[in-house]
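Topology and contacts: notes
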Amino acid sequence: MAIDPICGMTVDEASALPAEHDGETFYFCSELYPFFGLLLSPIIAGAAMSLSFVSVISNALRLRKVKL
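Scope of this entry: the structure provided in the associated data block. (Residues numbered from 1 in each chain as written. Predicted model: local features only at pLDDT ≥ 70, side-chain atom pairs only at ≥ 80, totals over all residues. Heavy atoms only, no water.)

What about the overall build of the protein?
Going by this rule: Each helix is a run of H or I in the DSSP string that is no shorter than four residues. Each strand is a run of E no shorter than two, and both are numbered from the N terminus. Relative accessibility decides the category of a residue: with a 1.4 Å probe and only protein chains considered, values under 20% of the type maximum give buried, values over 50% give exposed, and everything between is partly exposed. By definition in these notes, contact holds between two residues if any of their heavy atoms fall within 4.5 Å.
Secondary structure summary: the protein contains two helices and four strands in total. Listed by position from the N terminus, the elements making up the protein come as β-β-β-β-α-α. Sorting the 68 residues of the protein into buried and exposed places 13% on the buried side. Within the protein, counting contacts between residues at least 6 apart in sequence, those at least 24 apart form 13% of the total.

In structure tokens form, the structure reads like this:
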């Protein structure tokens, strides 16, 4: 048995989707990793979400000034 590094779910290695990264094999319960082909560090993912949040807020504030 292995643990999916994305969702933390326990998966059977025989039925899971394997992917190798830096010489280590990871097992996934869905096709998300093989589809995109990369593993994101939680720090990078958090930074991307923060930048997305800042972008949404700044655009919302800009739209308040426009009269439609």
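This is not the end of the story, as more comes after the structure.
A few points about a nonpolar patch on the surface
How we decide: Like-charged residues are merged into a patch within 9 Å and nonpolar side chains (Val, Leu, Ile, Met, Phe, Trp, Tyr) within 5 Å, provided each residue has over 30% relative accessible area and no salt bridge. Methods summary: accessible areas were calculated by the Shrake-Rupley approach with a probe of 1.4 Å, and residue burial reflects only the protein chains presented. What makes a salt bridge here is a side-chain nitrogen of Lys or Arg within 4 Å of a carboxyl oxygen of Asp or Glu, nothing more.
Residues Phe53, Val54, Val56, Ile57 and Leu61 make up a contiguous nonpolar surface patch of roughly 480 Å² in combined accessible area. The topology assignment puts Phe53 in helix H2 (residues 42–64). Classification of Phe53 by relative accessible area gives exposed; the value is 55%.

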